[in-house]
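Chain by chain, the residues:
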Amino acid sequence: MHVLATAGHVDHGKSTLVRALTGMEPDRLAEERRRGLTIELGYAWTSLPSGERVAFVDVPGHERFLGTMLAGVGPVPAVMFVVAADEGWMPQSEEHLVALRTLGVRHGLLVVTRADLADPGPAAKDAGGRLTEAGLRTGPAGGAVETLAVSGRTGEGLDALRAALDRLVAALPAPDPEAPVRLWIDRAFSVRGSGTVVTGTLPAGRVEVGDELELDGEPVRVRGLESLKEQAESVSGVARVALNLRGRVAGERGHALVTPGAWTATGLADVRVTMAEGARGPLPGRLTAHIGSASVPCEVRPLGPEAARLRLARPLPLHVGDTLLLRDPGRGQGELRVLARATVLDVRPPELRRRGAARERAKALAEASADAASLLRTHLLLRERELVAMGSPPPGRPVTGDWHADPGHWANLLARLPEVVRRHADAHPLEPAMPLEAARHELDLPDRRLVTALVRPPLTVADGRITTGRTAAGEAGLPAPVAGAVRTLLAGLSSTPFQAPEAGRLAELGLGPREIAAAVRAGALLRVADGVVLAPGADARAAAVLARLPQPFTVSQARSALGTSRRVAVPLLEHLDRRGFTERVDDVHRRSV
Ligand SMILES: Nc1nc2c(ncn2[C@@H]2O[C@H](COP(=O)(O)OP(=O)(O)O)[C@@H](O)[C@H]2O)c(=O)[nH]1
Ligand SMILES: [Mg+2]
């Protein structure tokens, strides 16, 4: 199936033409029929000579309904542009063409209607030239727009138009059936007994009965599916679809049903602004942004000559590369209201707090494309699913897990890590190996796995810490000053192995509680109590001395046999009890075990 929208000035014969082609009535409202004026979007369909089915979204041409016209054209890939032979090019012909050009609609054909009332030649020549100039074409790329003269009244020219429509749809690019779904709702209503029904033009992707989609962040289940009034189990874009949704769903025009996780719902977007043909800047600060069937008030913050930040009145599901049309709802009659195209470059723009941040951002945006490489340049590190939700498939391989990195940023991190680890080692000589978490914090990384991925020889990771790889094994991993102090202390203990040095002596050697703890961890000292340290193995030697005493013995006997003070003897004996070298007999006696 293919979906085409109509376009053109009011009363030029759009609805009459759709009626003549399809036998269906696009103007469904009583008011529309009474006034002979399209107010709402109309829907009708038919089969072309080739058998291809084509559905029309018939739009209003009246200038008051430009918003509705844009909602109809927004999700549609091609147009049937209508100009009346007896009136020729008119203001809304111009406005619609500017809108199509701004939205990037490339495919279409020109129908000069009311050919029974006037010679279609002059209108065809004039309008044909304008459409071709606007880049519209009917056939393959590089071709021109085809022009057909018809009369909706006599039926003249309709067969030729049907053949031309076949040529038009044959040249339309085939949409990707695997694309994520974004179905802009153009109608929503409740059907008694079957919940909510929403309709729209599905531009790409596939919807199936039973699918779970999201509407404004809420999950919704597709209970039933119709396309052109026929029930279906599954429909691929491009197609007109009607979805029956389970439960009471607050769907309305301008909101979209989307594949969960595949879009970024955002109220803030950084964009490249391209002024519409004939529009002049600077842009007013308040405009209406149109995309799909949505029209949302927005604030425009200019950042640079072509860059701006849009703050939308409500979040929309966007991808980078999306095109928004910016319109001035306040303009009066005869003035061009379509002002600019905004190409989305970032859907999660960074805050601009620092002085000069806006100027820097404008520079970055000027060089940005709507792709993952540009997103990574701004965001530095992104997970695969974030890139997907932003609308850019990940480039190349992840740096670790599902993380993708800007190559420049990653190289910079690789260069910084050894320095960070070295600084940590210098600041923490007793525990020189840097915890991964500390390195993560220091490098401001969102995931510890990224730190691990940055470790390159001579750095190594063990037990959740990064070592510089320069610690000498001979000193049991102790920094040189501590190792030296320990050596001095042990030398002093060699002749009097149980005379643990006093606190003053330890301080003199620079051995505070942390240095002692490190030396004990390294196996260079034996700590029997707070502030009481001996050489490693001193406890076994003490046990041997005590075993030669008459059993049981008192603390006092032990103290003199060991040649030390009570300050050392009492905790040393308790230590020996704990180690199982000695045991208590009563309150005053112990014996060797
Ligand atoms: N004579 C003649 N009148 C036409 C033709 N097409 C449309 N009209 C008339 O022009 C008026 C506007 O047509 P309509 O289809 O509503 O225009 P729209 O506003 O572009 O949808 C109606 O009165 C139609 O009957 C045509 O080919 N020949
Ligand atoms: Mg009409």
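Looking at an unreviewed UniProt entry, the chain carries the name Selenocysteine-specific translation elongation factor, with the source organism given as Microbispora triticiradicis.

Another aspect to go through is the sheet that holds strand β19 (residues 307-318). Here six strands make up a closed barrel; going around it, the order is β16-β19-β18-β17-β20-β21 and the pairing antiparallel. Pairs of neighbouring strands in the sheet enclose a mean axial angle of 40 degrees, with direction left out of account. Across five bridges, the pairing between strand β18 (residues 294-302) and β19 is antiparallel. The partner of P302 across the bridge, within β19, is A308. Of the strands in this sheet, β17 (286-291), β20 (323-327) and β21 (338-346) are in contact with helix α3 (residues 66-73), which crosses β20 at around 170 degrees. Its contacts with the sheet place helix α7 (residues 357-367) against β16 (264-275), β18, β19 and β21, and it is angled at close to 75 degrees to β16.

Below, the discussion takes up the pattern of salt bridges. In this structure the tally under the stated criterion is 37 salt bridges. Linked through salt bridges whose partners overlap, the residues forming this network are D270, R309, D346 and R361.

Our next topic: the packing of aromatic side chains. Applying the stated criterion across every chain yields a total of one aromatic pair. Taken together, a centroid distance of 5.7 Å and an interplanar angle of 10 degrees make the contact between F81 and W89 stacked. Like W89, F81 is buried.

Here we take up the UniProt feature "domain: Tr-type G" (unreviewed entry) in the chain. Under the UniProt annotation, the feature "domain: Tr-type G" (unreviewed entry) is placed at residues 1-176. As annotated, residues 1-176 comprises 35% helix and 20% strand, and the C-alpha atoms at either end are separated by 14 Å.

Moving on, we get to the sheet that holds strand β1 (residues 2-7). What the six strands build is an open sheet, ordered β2-β3-β1-β4-β5-β6; its pairing is mixed. In this open sheet, the two edge strands, each paired with only one partner strand, are β2 (42-47) and β6 (147-149). Mean inter-strand twist for the sheet, computed between neighbouring axes without regard to direction, equals 25 degrees. Pairing geometry for strand β5 (residues 107-113) and β6, over three bridges, is parallel. Bridge assignment links V112 to a residue of β6, and that residue is A149. Each of β1, β2, β3 (53-58), β4 (78-84) and β5 touches helix α1 (residues 14-22); the most contacted strand, β3, lies at about 155 degrees to it.

Let us look at the site of ligand 1. In the vicinity of ligand 1 lie 16 residues, with D11, T16, R114, D116 and G152 positioned nearest. The separation between an oxygen atom of ligand 1 and a polar main-chain atom of S15 is 2.9 Å. T16 is positioned with one of its side-chain polar atoms (N or O) 2.5 Å from an oxygen atom of ligand 1. Protein contact buries 84% of the 570 Å² of open area that ligand 1 shows by itself. Partitioning the shell around ligand 1 into residue classes produces two nonpolar, nine polar and five charged.

Further remarks concern the domain arrangement of the chain. In terms of domains, the chain is made up of domain 1 (2-171), domain 2 (182-258), domain 3 (264-370), domain 4 (371-472) and domain 5 (490-592). For domain 2 and domain 5, the distance between their C-alpha centres works out to 81 Å.

With that out of the way, let us pick up the environment of R567. As for its placement among the helices and strands, R567 is situated in helix α18 (residues 566-579). Looking at R567, the relative accessible area reads 32%, which means it is partly exposed. Sequence spacing of R567 and A529 is 38 residues, and the spatial spacing of their C-alpha atoms is 10.0 Å. If near-sequence neighbours (up to four positions away) are discounted, R567 is found in contact with A500, P501, E502, G531 and V532. Reaching out from R567, the side chain makes a polar contact with the backbone oxygen of A500 at a distance of 2.8 Å.

The subject of this paragraph is the coordination of the magnesium ion (ligand 2). Ideal geometry at a metal gives 109.5 degrees between four tetrahedral donors and either 90 or 180 degrees between six octahedral ones. In this structure, S15 (OG) and T38 (OG1) serve as the protein donors to the magnesium ion (ligand 2), at separations of 2.0 to 2.1 Å. Here the residue S15 occupies a position in helix α1, and T38 occupies one in the loop between α2 (30-35) and β2, the gap between them amounting to 23 residues. Both residues of the pair, S15 and T38, count as buried.

A few words now on the pairing of β19. Pairing analysis gives eight bridges linking β16 to β19, with the strands arranged antiparallel. Directly across from T264, in β19, lies its bridge partner L318.

Between helix α17 (residues 555-562) and α18, the shortest axis-to-axis distance is 9 Å and the interhelical angle comes to 110 degrees. In terms of axis orientation, α17 runs roughly perpendicular to α18. Read as a crossing pair, α17 and α18 show a hand that is right-handed. On α18, the residues touching V555, A558, R559 and L562 of α17 are R566, A569, V570, L572 and L573.

About the cut-offs
- Residues numbered from 1 in each chain as written.
- Chains lettered and ligands numbered in written order.
- Predicted model: local features only at pLDDT ≥ 70, side-chain atom pairs only at ≥ 80, totals over all residues.
- Heavy atoms only, no water.
- Pairing = 2+ DSSP bridges.
- Helix = DSSP H or I, 4+ residues; strand = E, 2+ residues; numbered from the N terminus.
- Axes fitted to C-alpha atoms, helices over the stretch in contact; angles between N-to-C directions.
- Contact = heavy atoms within 4.5 Å.
- Salt bridge = Lys/Arg side-chain N within 4 Å of Asp/Glu carboxyl O.
- Phe/Tyr/Trp six-rings, centres within 6.5 Å; stacked < 30°, edge-to-face > 60°.
- Buried < 20%, exposed > 50% of the residue type's maximum accessible area, 1.4 Å probe, protein only.
- UniProt positions renumbered as here; feature names shortened; annotations may be inferred.
- Near = heavy atom within 4 Å.
- Polar contact = N/O pair within 3.5 Å; in protein donor to acceptor, adjacent residues only side chain to side chain.
- Areas by Shrake-Rupley, 256 points an atom, 1.4 Å probe, with all protein chains shown as cover.
- Nonpolar A, V, L, I, M, F, W, Y, C, P; charged D, E, K, R; others polar.
- Domains from an automatic or database assignment.
- Donors = N, O, S within 2.8 Å, 3.2 Å for Na, K, Ca; no water.
- Parallel < 35°, antiparallel > 145°, perpendicular 65-115°, else oblique.
- Left-handed = near helix turned anticlockwise from the far one by under 90°.

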